[in-house]
Amino acid sequence: YLGTSFDQMLDRINEMIREITEEQTNKRKAELAMLQAQIHPHFLFNVLNSIRMNILRKGDRENADVISSLSRLLRMAIEQDKEYIRLHEEMELVSHYVRLMNMRRKEKAELLLDIPPEALLERVPRFFLQPVIENAFIHGLKQGGGVIRVGVRLDPERMVIAVKDHGIGMGSEALERLKANIVSPSERDKETDKRQGFSGIGLSNVYERLRIIYGESFAMNIDSEPHRGTTVTFLIPRLEVNSADVQSHAGG
């Protein structure tokens, strides 16, 4: 019995050594990949800034601003360490995204913001609004012109953010299918989300991400009527109210 136990212990030690060796190898590969990933973005940003300055010197401010918007979006997308940003930063990202989308279309979409000044410093997950704006462009306005409104209201312990497009809307049956798909997306829909858009995530992934961050205290509602547009409303806890929980999550 003692000999068998000793052999089992040696086997377990050898297994642990293999696991540690494999873990260290993967860690070194990840560190190398991280260093390579840091080099490429800095090079890209420097090139974009040089192009922007050359265009600006030739008097083409419009295209210089477009390149500036692209650079800022790419920088925020690559900076994976920033889980939370201020609401005013998120709205700046949304504004840059709308500018880039409008560059590709004849009919422009107008972004209207109704945000009280006291809400601008609230902390929110970065890039959570961009997929909703993208959805309004593609499905609401159908690549045409129109208006997209973002409104914010502060309650004592939560923030209400509504994104409304003045687009084609949808009937009750289509709305129920959309809601069901957001909660339980099919594998085909997940693959479709990966292929679409700047950030590669759709409404279902936004919903899942915010549920992970906020738990049961988060809610997302969708309302729509044919020819009257669609409204996506987020009800999220104010992170400043629960700063200890935020720091714990960010640290993890």
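Relevant structure appears above.
Residues numbered from 1 in each chain as written. Predicted model: local features only at pLDDT ≥ 70, side-chain atom pairs only at ≥ 80, totals over all residues. Heavy atoms only, no water.

Draft legend 1. The arrangement of the pattern of salt bridges in detail. Within this structure, the stated rule accounts for seven salt bridges. Of the charged contacts, one joins Arg12 and Glu19 as a salt bridge, the two residues approaching to 4.0 Å between their closest N and O atoms. For Asp155, the salt bridge is made with Arg153, and the minimal N-O distance between the two is 3.3 Å. Among the charged side chains, a network of salt bridges with common partners joins Arg12, Glu15 and Glu19. (Salt bridge = Lys/Arg side-chain N within 4 Å of Asp/Glu carboxyl O.)

Draft legend 2. Molecular detail of the sheet that holds strand β2 (residues 109–114). Across the sheet, which stays open at both edges, the five strands sit in the order β2-β4-β5-β7-β6 with mixed pairing between neighbours. Strand pairing shows two members of the sheet lacking a second neighbour, β2 and β6 (219–225), which therefore form its edges. When strand polarity is set aside, the average angle formed by the axes of neighbouring strands in this sheet is 15°. Examined bridge by bridge, β6 and strand β7 (residues 229–237) share seven bridges and lie antiparallel to one another. Counterpart to Glu225 in the pairing with β7 is Gly229. (Pairing = 2+ DSSP bridges. Helix = DSSP H or I, 4+ residues; strand = E, 2+ residues; numbered from the N terminus. Axes fitted to C-alpha atoms, helices over the stretch in contact; angles between N-to-C directions.)

Draft legend 3. Expanded view of the side chain of Ser71. Structurally, Ser71 is set in helix α2 (residues 61–78). Here Ser71 falls in the buried class, since its relative accessible area comes to 14%. Contacts of Ser71, omitting those with residues within four sequence positions, involve Phe45 and Leu48. (Buried < 20%, exposed > 50% of the residue type's maximum accessible area, 1.4 Å probe, protein only. Contact = heavy atoms within 4.5 Å.)

Draft legend 4. Focus on the pairing of β7. Counting buried positions over the nine residues of β7 gives nine, a clear majority of the element. Burial along β7 is two-sided: the face carrying Gly229, Thr231, Thr233, Leu235 and Pro237 and the face carrying Thr230, Val232, Phe234 and Ile236 are both buried. Pairing of strand β5 (residues 158–165) with β7 involves eight bridges; the strand directions are antiparallel. Within β7, the position partnered with Lys164 by the bridge is Thr231.

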